[in-house]
Amino acid sequence: MIVRNLQLVRDRITTACVAAARDPASVRLLAVSKTFNADAVIEAMSDGQRAFGENYIQEGVDKILAVRGWEADHPGLPLSRPSEWHCIGPIQSNKTRLVAEHFDWVQSVDRLKIAQRLSEQRPPHLPPLQVCLQVNIDGGATKSGVAPQDAQALAAEVARLPRLQLRGLMSIPEPAPDFVAACAVHKRAADLFDQINRAGVLPQAMDTLSMGMTADLEAAIHAGSTMVRVGTAIFGGR
Ligand SMILES: *Cc1c(COP(=O)(O)O)cnc(C)c1O
């Protein structure tokens, strides 16, 4: 089922890219495996899926250790490179060390204090932690994320931290009533991404715009997403 679902999601991504006159290779698929177990992840890996997203830190760390253990027992299988793990959920200060020690990416950084702790706690033997800033693009009151008007200053500060590499922005807008409305809100994130890149405040341009989920990945791709985060359409309902 997971393998079949993955194919359907890849087809949706390709169709959306063609409709938007974009190269399908310009959009990465992050499989959001929260609440599903390591066996589900390994099944997705058997079909070539490499990047996985987790919301809950302890659950994510347990799964990472299980999957990496499996990978160590099956060298070179099923992927030529090891699985890649993205933290996409809220991070409390007391959880930064777990994130810094186990994840490859963090997409939910929304304040400098968390970024500083992640940088300080990233183990020296690991590559820099790859970071996206979560932007509260539509001002959703209950959601975390840096306000759009503060994102550029935060990006400039995060880009200076030695053990982090700033890769881009991530957004989770409220569900939109239709395709046009969804495109409009994703376009705001894309415009902010371009604006920060053009401002000349970063040592290196950001290359990742993480937006779009099961319900709205077509609109996100239309607006310029380079990474869609898909859970339900791959693993099923939670
Ligand atoms: C759960 C989650 C997703 C995946 O959502 P689906 O609707 O299941 O595709 C993507 N991004 C974030 C931040 C999530 O928490």
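Everything below is about the structure shown above.
I will try to describe carefully the structure that is included in this document. Computed from a prediction, not measured in an experiment: that's the story for all the values here.

Thresholds, definitions, all that
- Residues numbered from 1 in each chain as written.
- Predicted model: local features only at pLDDT ≥ 70, side-chain atom pairs only at ≥ 80, totals over all residues.
- Heavy atoms only, no water.
- Helix = DSSP H or I, 4+ residues; strand = E, 2+ residues; numbered from the N terminus.
- Rg over C-alpha atoms; globule rule 2.2 N^0.38 Å.
- Areas by Shrake-Rupley, 256 points an atom, 1.4 Å probe, with all protein chains shown as cover.
- Lys, Arg positive; Asp, Glu negative; His and termini not counted.
- Charge placed at Lys NZ, Arg CZ, Asp CG, Glu CD.
- Near = heavy atom within 4 Å.
- Nonpolar A, V, L, I, M, F, W, Y, C, P; charged D, E, K, R; others polar.
- Buried < 20%, exposed > 50% of the residue type's maximum accessible area, 1.4 Å probe, protein only.
- Contact = heavy atoms within 4.5 Å.
- Polar contact = N/O pair within 3.5 Å; in protein donor to acceptor, adjacent residues only side chain to side chain.

On to the overall build of the chain, then. The helix and strand tally for the chain stands at nine helices and eight strands. Relative to a compact globule of 238 residues, whose C-alpha radius of gyration would be 18 Å, the chain shows 17 Å and is just as compact. Accessible area for the chain stands at about 10800 Å²; split by element, carbon and sulfur atoms hold 54% of it. Taken as two groups, the 25 positive and 25 negative side-chain charges of the chain have centres that lie 3 Å from each other.

Looking now at the site of the ligand. Neighbouring the ligand are V32, K34, N55, I88, I172, M213, T214, R229, V230, G231, T232 and R238. Protein chains bury 90% of the 390 Å² of accessible surface belonging to the ligand in isolation. Taken together, the residues of the shell around the ligand break down into five nonpolar, four polar and three charged.

Given 3.6 residues per turn, any residue in an α-helix points the same way as the ones three and four places further on. Of all the residues in helix α2 (residues 38–46), the buried ones are A38, A40, V41, I42, A44 and M45. Residues of α2 that are buried make contact with α1 (2–19), β2 (51–54), α3 (57–73), β3 (84–87) and α9 (232–235). One side-chain oxygen of the residue at the start of α2 lies 3.2 Å from the amide nitrogen of D39, identifying that residue as N37. G48 sits one or two residues past α2 and shows a positive phi near 95 degrees.

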